[in-house]
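# Working through the structure, step by step
One-letter residues, chain by chain:
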Amino acid sequence: MRVGVPKEIKVEEYRVGLTPASVREYVAHGHQVVVQQGAGEGIGAGDDAYRLAGAAVVDTAEEVFSVGDMIVKVKEPQPSEWTRLREGQILFTYLHLAPDVPQTTGLIASGCTAIAYETVTDAHGGLPLLAPMSEVAGRLAIEAAGAALRKSADGMGKLLGGVPGVPPARVAIIGGGVVGTHAARMAAGLGSEVTILDRSLPRLRVLDDIFLGRVRTRYATLEAIEQEIVAADVVIGAVLVPGASAPKLVSRAQLGIMKRRAVLVDVAIDQGGCFETSKPTTHQAPTYLVDDIVHYCVANMPGAVPVTSSHALNHATLPFGLALASKGLRALVEDPHLRAGLNVHRGRITNRAVAESQHLSVVMPEEALAS
């Protein structure tokens, strides 16, 4: 198969779909790889590194999309990219379609087969291609919160870990999954007072064992969430409903009961955000104020550390990408976990959560692939 790797064009996105090491694996399995000039600049991988790995380097994205049987990216296709997709072509990338009607419409019109990293599953019920970026985002969330708390950044002027004689910041993390766990590790490691809220008692028991009492756990009732955000200096939104829009867990009215210049970090912003007042921001302008509460809602947080993020992502996606390159659509038929990643196929939505979020009809992946 011919595999195409365009340069990412989303604002301040520096990751790359395939590293030179991954290209070498594809080539070793008998595939051709075409990489756009400069695609790896953000991770310090020049065009010569890709040529050495066996790729052909071309000048434009148009060339990549025209020759590629499968396009491997990181972020969702932008308007100029989805118009280049075609029927019979596989797109393998993050999509986050639920809150993104224009992209959904563009992918349907293209006729392509769009497979979303974030809905591929594993035998344990996990999301193996979302996990590495969730790990990165969880850790970055605390770094971002620490910066946003500074007075120079419109914060309240509080240090996350405090100092002897001065209490540390209180951090409330809503969601105890991968993002929440890694955010808690970072916050507790810095000396913050940390509480994780979740609706799964088994997960809360696991977290209690992991942190050995260094982090408080609470069942996430509406009352518990409200009590914690009132006391918090930082609130991390780390909830996930796979494929669907994130639930709104903090309303605008509740901002009025929070501490002035407290910080909200919405890691769920790719899925629409879990705070009512969230809106996507960029690394260049990451925060804004609503009712005297600082909001940090960068939609591609891991893009700030593209070297770490690209390699972590490639380690997770490589086996699935190689299966698609070797078997094409048969890989989806044979592997139910990879098939769970199928979101759009030949003009039809094949993910129930996406369809329900946009009030569209759905065709189950098995049926779509059989037709």
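See the structure printed just above.
Figured I'd write up the structure that's included with this text. (Residues numbered from 1 in each chain as written. Predicted model: local features only at pLDDT ≥ 70, side-chain atom pairs only at ≥ 80, totals over all residues. Heavy atoms only, no water.)

## Let's talk about unusual backbone geometry
You will see that Asp 154, though not glycine, has its phi angle at about 75 degrees, which is positive. Within the secondary structure, Asp 154 is located in the loop between helix 6 (131-148) and strand 7 (170-174). Backbone geometry places Arg 346, a non-glycine residue, at a positive phi of 50 degrees. Positionally, Arg 346 belongs in the loop between strand 14 (342-345) and strand 15 (348-349). (Helix = DSSP H or I, 4+ residues; strand = E, 2+ residues; numbered from the N terminus.)

## Thoughts on the state of the cysteines
With the rule as written, the count across this model stands at zero disulfides. Not engaged in a disulfide, the cysteine Cys 274 finds its nearest cysteine sulfur in Cys 297; these two sulfurs lie 8.7 Å apart. The buried category is assigned to Cys 274, whose relative accessible area is 1%. (Disulfide = S-S within 2.5 Å. Buried < 20%, exposed > 50% of the residue type's maximum accessible area, 1.4 Å probe, protein only.)

## Looking at the sheet that holds strand 8 (residues 193-198)
Sheet architecture is open: seven strands sit in the order 9-8-7-10-11-13-12, paired in mixed fashion. Only two strands of the sheet have a single neighbouring strand rather than two, namely strand 9 (216-219) and strand 12 (287-290). Taken over all neighbouring pairs, the strand axes of this sheet differ in orientation by 20 degrees on average, direction set aside. Pairing between strand 11 (residues 263-266) and strand 13 (residues 293-296): three bridges, direction parallel. Pairing of Leu 264 across the sheet is with His 295, part of strand 13. Packing against the sheet, helix 6 makes contact with strand 7, strand 10 (234-237), strand 11, strand 12 and strand 13, and its axis sits at approximately 150 degrees to strand 11. Across the face of the sheet, helix 7 (residues 178-189) comes into contact with strand 7 and strand 8 while running at roughly 170 degrees to strand 8. (Pairing = 2+ DSSP bridges. Axes fitted to C-alpha atoms, helices over the stretch in contact; angles between N-to-C directions. Contact = heavy atoms within 4.5 Å.)

## Digging into the pattern of salt bridges
Enumeration over the complete set of coordinates arrives at 21 salt bridges. For Arg 15, the salt bridge identified is with Glu 13, shortest N-O distance 2.8 Å. Per residue, the accessibility class of Arg 15 equals that of Glu 13, and both read buried. A salt bridge links Glu 81 to Lys 73; its shortest N-O distance comes to 3.4 Å. The residues Glu 81 and Lys 73 share a single accessibility class, namely buried. Look at the salt bridges and you will find they share partners, linking Arg 170, Glu 193, Arg 216, Arg 218 and Glu 228 into a network. (Salt bridge = Lys/Arg side-chain N within 4 Å of Asp/Glu carboxyl O.)

## A look at the pairing of strand 14
Taken together, the three bridges between strand 6 (residues 113-116) and strand 14 define a ladder with antiparallel strand orientation. Note that in strand 14 the partner of Thr 113 across the bridge is His 345. As paired strands, strand 14 and strand 15 are joined by two bridges and run antiparallel to one another. By the bridge assignment, Val 344 is partnered in strand 15 with Ile 349. Hairpin connection between strand 14 and strand 15: a loop of two residues separates the two successive antiparallel strands, and Arg 346 in this loop has a positive phi of roughly 50 degrees.

## Here's the deal with the pairing of strand 11
Of the two faces of strand 11, the one holding Val 263 and Val 265 and the one holding Leu 264 and Asp 266 are both buried throughout. Pairing analysis gives four bridges linking strand 10 to strand 11, with the strands arranged parallel. What sits directly across from Ile 236, in strand 11, is Val 265.

Treat this as a map of the structure, not an account of what it does.
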